[in-house]
Every structure is written in C-alpha cells, then in structure tokens.
Amino acid sequence: MTSNDNTVPLVELNDGNKIPQLGFGVFQIEPENTSAAVKTALDIGYRHIDTAQMYGNEKQVGAGIRDSGIDRADVFITSKLNNGFHRPDDARHAFDDTLAALGTDHVDLFLIHWPLPTRYDGDFVSTWNVLEEFAADGRARSIGVSNFQPAHLDRLAQESGTVPAVNQVEIHPYFVNDEVRRYGWDHGIATEAWSPIAQGKVLDDHEIGIIAETLGKSPAQVVLRWHIQRGDIVFPKSVTAARVQSNFELFDFDLSDADMETIAGLDKGESGRTGPNPDEFDYIPD
Ligand SMILES: NC(=O)C1=CN([C@@H]2O[C@H](COP(=O)(O)OP(=O)(O)OC[C@H]3O[C@@H](n4cnc5c(N)ncnc54)[C@H](OP(=O)(O)O)[C@@H]3O)[C@@H](O)[C@H]2O)C=CC1
Ligand SMILES: O=C(O)C(=O)[C@@H](O)[C@H](O)C(=O)CO
C-alpha cells in the first residue's frame, strides 16, 4: 500500500468505477468559504470531494472546481439526497437541483444520506429504486447509501436489483463500526468512513500521541493512515490550509500491525459515536 509519493490509491467499486481512497469533505464549511476550501484542496492534489444537499454548499463546490482549472473529468464528486426528499418525485427534483447547483451533467457518486427507518413508513427501497434510475441514465456514475445498518442493506438486497457501491458510515478509533464494515466486505460494498478523526476528538488520545511521536507524524496523519491501511475511503474536512496539506501526506509511511491493533483497541462501541445512531435518526431539515 505504501508508496514514496502522495499518489492516492484508487478503490474499485462493485460497478467497475474507481474512487480515490482519500478525498476532501465539506460538511460544516460555510458556503462563503467553500469555493476557496475546495480550490485549496484541489491545488494540493485532492481529486475527490464529498458534499451533500444537506450541507448547502453544492453550488460553491462546483465553483471551487471550476476556479481550480482542473478538468471536471478529473474530479470525483459525491453528493447525497437530503432527508426531506425520499418520495420518488421529490428525489428526482432534488437530484436535478444537485446537478444544476454543481454545474455538471453527472455526479460520480450519489447516496441516500440516511435510511430514516422511522419515516416514510420505513420505505427507503422506493427511494433506492429512483437512484437506480439515475445510474441507468448515466447522471450518477455510481450509487450508494450512507448510514445504512446491516438490516437496511439486507432489505435492499432482498427488494432491489442493485447492490450499493458504497456505504458511508461513522468510523474512527473511538467507533470502529466493524459489524457494518464486515457486512460491506462480505457483500462487495466499499466502506467510506465519515468523521474519520471524530471531528478532532481522537487527536488528544494518549496512545495515538505515542504512535505519532514515534513516527514523527501528526495524530491526524496517524489516524487517517490507520483508515487507509484498513482499506476504507476517507475525506477529512478542514478549512485550515496547513491541515488540508498534512492530511494529504499519508502515503510515505506505514503503521505496524501492533500500531493498527492499538488504535483499533481504542473502540468505545456505541458510546464512541460522535453522530446519531442511524436506527433512531429521523431529522428532516426545514
Ligand atoms: N454521511 C454522513 O452522514 C456524514 C458525512 N460526513 C462527511 O465526512 C467528512 C469528514 O467528517 P467531519 O464530520 O467533517 O469531521 P472530521 O473527522 O473530518 O474532522 C473535521 C474537524 O477536524 C479538524 N481537523 C481537520 N484536520 C485536522 C488536523 N490535521 N489537525 C487537527 N484538527 C484537524 C477540522 O478543523 P478546521 O476545519 O478548523 O481545520 C474540523 O474541526 C464531512 O466533511 C462529510 O463530507 C460527515 C458526517 C456525517
Ligand atoms: O454531515 C452529515 O452528512 C450529516 O448527516 C450530519 O450533519 C448529521 O445530520 C448530524 O450531524 C446530525 O447531528
């Protein structure tokens, strides 16, 4: 896995498309700061941007990509269906709006953001069928889900014809989420780890600090490298240029098996989550 430069590995998805294993996330970047943040990331070398309708900054993501001068074809863009738009016609209109906001005729990956098992009579399968339309007409090169638990994925397997290309879920050293990761591994669904550094909460951890000091790396680099060696896809967020740069420098060192185990051993189970439990989360933005 290690290379001597910062070439980001590509992960092959179950539909044959390829996604850069390291990207840039834009949750909680204010719209007015998003174009500049995206341009900074692209200037550094990132070629994968993770946004969502919920983040309110798709338009500025599109502008940042255009400002960078990098060809649209060279940037992998993910967006996600907002929770208020699960009904089929709402999903269709919302997807049209995403493409218009980004200023592109396709996204590389489009996800159902949350399964909302307590809303819409628990019916995320008809929503998934609409994403299958987007894949069939080529406007979403790949389709996937986010925050799906194994039971939700089982329902898609039983009631639809397409296996999601990815499942984007919370994962970091305090919440290793191995049951969901294992399900993905067993069923050909790539795992994407959101909040990979737990929004900063793992960076003061004593054990991570020791590993970082021994390797001469930052705690964030150690944690992001741990994700990379586990094979998951990550997209840390930062509005701080020096952090955006250092978060990209993950491919000139290795963690030992012992380091990998030490970090995985920090898991706190359910109490380690920074975000909501997908079985309970039913938030619909205004
Ligand atoms: N599908 C889903 O439900 C979810 C998806 N996501 C996706 O995952 C992405 C990443 O997750 P996110 O929640 O943003 O959190 P991250 O785990 O990426 O952490 C971001 C925070 O860590 C800080 N930070 C970043 N790099 C460093 C560093 N090197 N040293 C110290 N601090 C650092 C940032 O500060 P600063 O910006 O001030 O530099 C920011 O406060 C999101 O942007 C989004 O794309 C996230 C949550 C849910
Ligand atoms: O960032 C995301 O993608 C999310 O879904 C989160 O905003 C999530 O909705 C949350 O943080 C709820 O508190």
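Basis of the calculations
- Residues numbered from 1 in each chain as written.
- Chains lettered and ligands numbered in written order.
- Predicted model: local features only at pLDDT ≥ 70, side-chain atom pairs only at ≥ 80, totals over all residues.
- Heavy atoms only, no water.
- Helix = DSSP H or I, 4+ residues; strand = E, 2+ residues; numbered from the N terminus.
- Buried < 20%, exposed > 50% of the residue type's maximum accessible area, 1.4 Å probe, protein only.
- Polar contact = N/O pair within 3.5 Å; in protein donor to acceptor, adjacent residues only side chain to side chain.
- Contact = heavy atoms within 4.5 Å.
- UniProt positions renumbered as here; feature names shortened; annotations may be inferred.
- Near = heavy atom within 4 Å.
- Areas by Shrake-Rupley, 256 points an atom, 1.4 Å probe, with all protein chains shown as cover.
- Nonpolar A, V, L, I, M, F, W, Y, C, P; charged D, E, K, R; others polar.
- Salt bridge = Lys/Arg side-chain N within 4 Å of Asp/Glu carboxyl O.
- pLDDT = per-residue confidence, 0-100.
- Axes fitted to C-alpha atoms, helices over the stretch in contact; angles between N-to-C directions.
- Core = buried A, V, L, I, M, F, W, Y, C linked by side-chain atoms within 4.5 Å.

Enquirer: Could you give an account of the side chain of asparagine 277, naming the residues involved and the relevant values?
Expert: Looking at the secondary structure, you find asparagine 277 in the segment after helix 10 (257–264). Overall, the relative accessible area of 17% leaves asparagine 277 in the buried class. In this structure the side chain of asparagine 277 is engaged in a polar contact, spanning 2.8 Å, whose partner is the backbone nitrogen of aspartate 279. Beyond its immediate sequence surroundings of up to four residues, asparagine 277 is in contact with Gln149 and Glu270.

Enquirer: Can you break down the UniProt feature "active site" (unreviewed entry) in the chain residue by residue, with the values?
Expert: According to UniProt, the feature "active site" (unreviewed entry) maps to Tyr55 in the numbering used here. You can see tyrosine 55 is positioned in the loop between strand 4 (48–50) and helix 2 (58–68). Given a relative accessible area of 16%, tyrosine 55 falls into the buried group. In this structure, tyrosine 55 is in contact with Val26, Phe27, Asp50, Lys80 and His113, ignoring residues within four places of it in sequence.

Enquirer: Talk me through the site of ligand 2; I want residue IDs and the actual numbers.
Expert: The environment of ligand 2 is made up of Phe27, Met54, Tyr55, His113, Trp114, Pro276 and Phe281. At 2.8 Å, a side-chain N or O of tryptophan 114 approaches an oxygen atom of ligand 2. Burial of ligand 2 by the protein chains amounts to 70% of its free accessible area of 330 Å². Taken together, the residues of the shell around ligand 2 sort by class into six nonpolar, one polar and no charged.

Enquirer: Now, about the pattern of salt bridges: what can you tell me, with residues and values included?
Expert: Scanning the entire structure with this criterion turns up 14 salt bridges. For aspartate 178, the salt bridge is made with arginine 181, and the minimal N-O distance between the two is 2.9 Å. Taken together, the residues span about one helical turn, with aspartate 178 and arginine 181 both in helix 6 (residues 178–187) at a distance of three residues. With a relative accessible area of 15%, arginine 181 lands in the buried category. Here aspartate 178 and arginine 230 are joined by a salt bridge, their closest N and O atoms 3.4 Å apart. Separated by 52 residues along the polypeptide, aspartate 178 in helix 6 and arginine 230 in helix 8 (residues 219–230) bring together distant segments of the chain. A relative accessible area of 27% means that aspartate 178 is categorised as partly exposed. Note on arginine 230: relative accessible area 18%, which makes it buried. Three or more residues are tied together by salt bridges with common partners; here these are Asp178, Arg181, Arg230 and Asp232.

Enquirer: Quick rundown of the confidence of the model for the chain? Include the residues and the values.
Expert: In this model, the chain carries an average pLDDT of 97, and 98% of its residues clear a pLDDT of 70 or more. This complex was scored by the predictor with a pTM of 0.98 and an ipTM of 0.99.

Enquirer: Could you give an account of the UniProt feature "binding site: substrate" (unreviewed entry) in the chain, naming the residues involved and the relevant values?
Expert: The positions UniProt marks with the feature "binding site: substrate" (unreviewed entry) are His113. Along the chain, histidine 113 turns up in the loop between strand 6 (107–112) and helix 4 (125–136). Since its relative accessible area comes to 5%, histidine 113 is described here as buried. Once you skip the residues sitting within four places of it in the chain, histidine 113 turns out to touch Ala52, Met54, Tyr55, Lys80, Leu81, Asn83, Ser146 and Asn147.

Enquirer: How would you sum up the packing of helix 2 against helix 3 (residues 88–102)? Please name residues and give values.
Expert: Relative to each other, helix 2 and helix 3 sit at 35°, their axes nearing to 7 Å. In contact with Glu58, Lys59, Val61, Gly62 and Arg66 of helix 2, helix 3 contributes Thr98, Ala101 and Leu102. For the contact of helix 2 with helix 3, the class distribution of residues is three nonpolar, two polar and three charged.

Enquirer: Quick rundown of the nonpolar core? Include the residues and the values.
Expert: Residues Leu22, Phe24, Val26, Ile49, Phe110 and Leu255 are the most contacted members of the largest nonpolar core, which totals 69 residues. For this core, the element with the highest residue contribution is helix 8, accounting for six residues. In contact with leucine 255, not counting residues within four places along its chain, are Ile211, Leu215, Val222, Arg225, Trp226, Gln229, Met260 and Ile263. Membership of the second largest hydrophobic core comes to 16 residues, among which are Ile19, Ala165, Ile233 and Phe281.

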